There are 2 protein chains.
Amino acid sequence: MNRTPLTKALSDTERTRLRRMREKGRTDRAVLDEVLAAGFLCHVGVMVDGHPMVVPTVYGADGHHLYFHGSVASRSLVAAPGTTVCVTVTHVDGLVLARSVFEHGVNYRCAMVYGTPRPVTDPEEKLAGLRLLTEQAAPGQWDYARRPSRKELAATALLALSLEEASVKMREGGPDDGDGPDAELDVWAGVLPVTTRFGTPVPDEALREGIALPEHLASPRT
Amino acid sequence: MNRTPLTKALSDTERTRLRRMREKGRTDRAVLDEVLAAGFLCHVGVMVDGHPMVVPTVYGADGHHLYFHGSVASRSLVAAPGTTVCVTVTHVDGLVLARSVFEHGVNYRCAMVYGTPRPVTDPEEKLAGLRLLTEQAAPGQWDYARRPSRKELAATALLALSLEEASVKMREGGPDDGDGPDAELDVWAGVLPVTTRFGTPVPDEALREGIALPEHLASPRT
């Protein structure tokens, strides 16, 4: 029993088409933007010397592009421009505890973006991309901390990936064995929610006396 | 300023060697086991039709192998046995808020395992692998829920990846600009901790009356 019917992916290409019946695809472009807006860490998959490599890095998205730091993938992307990547953003929302081990699963939201990232060279676009990336992880910091100097900007490798070819998959709701024979078992079933939260800011040991925590960091974030 | 000196990776192969100065590698095998034990979701990178694909899935690790569901990667791994993969497990521990945007970063622990996954066909190893995977996500469920039938076991694609070729990278501690000229700025600096927690279990709508939440799910987990 699938709570959400199988629909086609955002873009209907060979690699974004959903194959498995239990995966739930979404056609809505707004859902892609929502999933990308809900996080700041992505996993970039890239070929290095003929083998796949999956590297975590921070990103920012603006509805058209996903910007991510190229430095982590310097071994591949900078060395070989034109390389295709897959950038995946996953949020785990809960563990699905069914009556049977077989029906156990995970509630999640996952966006996968495919394409050839473009190195951002225009200083203005680079600044805008870094702003997105910074604000997505820590809203308020771009206007608060010291912005990149020209030298720092030049030393930063930023890549832009179009959101044109992307798919979103998600699972939500309870276990799927509530209407089968296993429902007769004396086994508790439900969902164990998983949440990611920000804690209380920890000041740097080297922080000078008298510098107060700014407002945008003082209010608890979820 | 790197708080942790650069050391060589667990295995010294071309792809596990660390290149970037700011990345911190660990040689300690126990650290790999710790990072893998701290999560249950990995990102599998695999080549599909000449392009990388990064798919999230659940895993279990026993110090020798990482077991993961092959179903999510059925388009590739099952179709092309012998394909190499990169399986990455990442934990985000905090946002590093420096005085300058340039020095902003993430405290994280990341394990990357490389190799050719082996489809698990032996029923005993498959059961043991599924047990690992189930218990890593939801300890206690293997002995509580209904275990896989022979038919379900046959329908489950499980892959085993040796932990022989792996690297661990991590970052911890405060921002790196506490001893430079930026330390003079009136800018707060420190770390915003990030934590992932399990919430209160939500019973399935179809749960029969009178089935109590079992002990292993009742105590709060972190």
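Keep in mind that this is a model prediction, so the values were computed, not measured. (Residues numbered from 1 in each chain as written. Chains lettered and ligands numbered in written order. Predicted model: local features only at pLDDT ≥ 70, side-chain atom pairs only at ≥ 80, totals over all residues. Heavy atoms only, no water.)

### Looking at the overall build of chain A
- If you tally the helices and strands in chain A, you get 6 helices and 11 strands.
- For chain A, the proportion of its 222 residues judged to be buried stands at 54%.
- Restricting to contacts in chain A with at least 6 residues of sequence separation, those with at least 24 account for 69%.
- Taken as a whole, chain A presents about 9700 Å² of accessible surface, with 53% of it coming from carbon and sulfur. (Helix = DSSP H or I, 4+ residues; strand = E, 2+ residues; numbered from the N terminus. Buried < 20%, exposed > 50% of the residue type's maximum accessible area, 1.4 Å probe, protein only. Contact = heavy atoms within 4.5 Å. Areas by Shrake-Rupley, 256 points an atom, 1.4 Å probe, with all protein chains shown as cover.)

### Some details on the relation of the copies chain A and chain B
- Expressed as a screw operation, the relation of chain A to chain B combines 0.0 Å of axial shift with a rotation of 180 degrees, fitting to an RMSD of 0.0 Å. Given the turn and translation reported, the copies of this chain are related as if by a two-fold rotation axis. Every residue of chain A has its C-alpha some distance from the rotation axis, and the shortest such distance is that of Thr196 of chain A, at 2.1 Å.
- Most of the interface of chain A is mirrored in chain B, where 100% of its interface residues are also at the interface. (Least-squares fit on C-alpha atoms with pLDDT ≥ 70 in both.)

### Regarding the nonpolar core
- One finds Leu36, Phe40 and Leu95 of chain A together with Leu36, Phe40 and Leu95 of chain B to be the most contacted residues of the largest nonpolar core, which totals 116 residues.
- Apart from residues lying up to four places away in sequence, Phe40 of chain A is in contact with Thr57, Val58, Tyr59, Gln136, Ala137 and Phe198 of chain A together with Val92, Leu95 and Val106 of chain B. (Core = buried A, V, L, I, M, F, W, Y, C linked by side-chain atoms within 4.5 Å.)

### What about the layout of surface pockets?
- The space that makes up the largest pocket amounts to roughly 1200 Å³.
- Residue assignment for the lining of the largest pocket shows that the elements contributing at least two residues are β2 (41-48), β5 (85-97) and β10 (190-198) of chain A together with β2 (41-48), β5 (85-97) and β10 (190-198) of chain B.
- In terms of residue count, β5 of chain B provides more of the lining of the largest pocket than any other element does, 6 residues in total.
- Counted by class, the lining of the largest pocket contains 17 nonpolar, 17 polar and 7 charged residues. (1 Å grid on protein atoms, 1.4 Å probe; cavity = no way out; pocket = protein on both sides within 12 Å on 5 of 7 lines; lining within 4 Å. Points joined across faces, edges and corners; volume = space filled by probe spheres on them. Nonpolar A, V, L, I, M, F, W, Y, C, P; charged D, E, K, R; others polar.)

### Side note on the interface of chain A and chain B
- In this assembly, 92 residues from chain A lie in contact with 92 residues from chain B.
- Of the roughly 7400 Å² buried at the junction of chain A and chain B (both faces included), carbon and sulfur atoms supply 64%.
- Along the contact surface separating chain A from chain B lie 6 salt bridges.
- No other element matches β10 of chain A, which puts 9 residues into the side of chain A that touches chain B.
- Strand direction decides the pairing type here: β10 of chain A and β10 of chain B, joined by 5 bridges, are antiparallel. In the strand pairing of β10 of chain B, Thr196 of chain A is matched with Thr196 of chain B. (Buried area = accessible area lost by both parts, 1.4 Å probe. Salt bridge = Lys/Arg side-chain N within 4 Å of Asp/Glu carboxyl O. Pairing = 2+ DSSP bridges.)

### Structural notes on helix α3 (residues 123-137) of chain A
Residues and elements named next belong to chain A.
- Between the first and last C-alpha of α3 there are 21 Å, a value that for 15 residues agrees with the 21 Å anticipated at 1.5 Å per step.
- When α3 is considered as a whole, its buried residues turn out to be Lys126, Gly129, Leu130, Leu133, Thr134, Gln136 and Ala137. Down the axis of α3, the buried set is contained in an arc of 165 degrees. They therefore lie on one face. (Expected span 1.5 Å × (residues − 1). Arc of directions from axis to C-beta.)

### Digging into the environment of Leu127 of chain B
Residues and elements named next belong to chain B.
- When you line up the elements, Leu127 lands in helix α3 (residues 123-137).
- A relative accessible area of 32% places Leu127 in the partly exposed class.
- In this structure, the C-alpha to C-alpha distance between Leu127 and Pro148, residues 21 residues apart in sequence, is 8.1 Å.
- Ignoring anything within four residues of it in the chain, the contact list for Leu127 reads Trp142, Pro148 and Leu153.

### Details of unusual backbone geometry
Residue and element names in this part refer to chain A.
- Its identity as a non-glycine residue notwithstanding, Asp49 has a phi of 50 degrees, on the positive side.
- Residue position: Asp49 is located in the loop between β2 and β3 (51-61).
- Using a relative accessible area of 64% as the deciding quantity, one classes Asp49 as exposed.

### Observations concerning the environment of Ile211 of chain A
- By secondary structure assignment, the location of Ile211 of chain A is in the loop between β11 (202-203) and α6 (215-218).
- When its relative accessible area of 15% is taken as the criterion, Ile211 of chain A is described as buried.
- In this view, Ile211 of chain A contacts Tyr144 of chain A together with Leu185, Asp186, Val187 and Trp188 of chain B; residues no more than four positions away in its chain are not counted.

### Considerations on the pairing of strand β8 (residues 158-162) of chain B
All names here are of chain B.
- With 4 of 5 residues buried, β8 lies mostly within the body of the structure.
- The sheet contact formed by strand β4 (residues 65-69) and β8 spans 5 bridges and is antiparallel. Opposite His69, over in β8, you have Leu158 as the bridge partner.
- Bridge count for strand β7 (residues 118-119) against β8 is 2 bridges, and the pairing is antiparallel.

### Considerations on the pairing of strand β6 (residues 105-115) of chain A
Residues and elements named next belong to chain A.
- When you tally the buried positions in β6, you get 9 out of 11 residues, the bulk of the element.
- Of the strand pairs in this sheet, β5 and β6 are connected by 11 bridges, and their pairing is antiparallel. Across the sheet, residue Val87 finds its bridge partner in β6, namely Val113.
- Pairing of β6 with strand β9 (residues 165-171), which is carried by 7 bridges, proceeds in the antiparallel orientation. Bridge pairing links Ala111 to Val168 in β9.

### Section: the pattern of salt bridges
- Here the structure, examined in full by the defined rule, presents 20 salt bridges over all chains.
- For the salt bridge of Arg208 of chain A with Asp186 of chain B, the shortest nitrogen-to-oxygen distance reads 3.0 Å. You can see Arg208 of chain A sitting in the loop between β11 and α6 and its partner Asp186 of chain B sitting in the loop between β9 (165-171) and β10, one on each of two chains.
- For Arg118 of chain B, the salt bridge goes to Glu125 of chain B, with nearest N and O atoms at 2.9 Å.
- On the basis of relative accessibility, which here comes to 36%, the residue Arg118 of chain B falls in the partly exposed class.

### Section: the confidence of the model for chain A
All names here are of chain A.
- A residue-level look at chain A finds 82% of positions with pLDDT of 70 or above and a mean pLDDT of 86.
- Scored below 50 in pLDDT, residues 1-9 shows 29 contacts in the model against residues more than four places distant or in partner chains.
- Note on residues 18-23: pLDDT under 50 across the span, and 22 contacts to partners over four residues away in sequence or across chains. (pLDDT = per-residue confidence, 0-100.)

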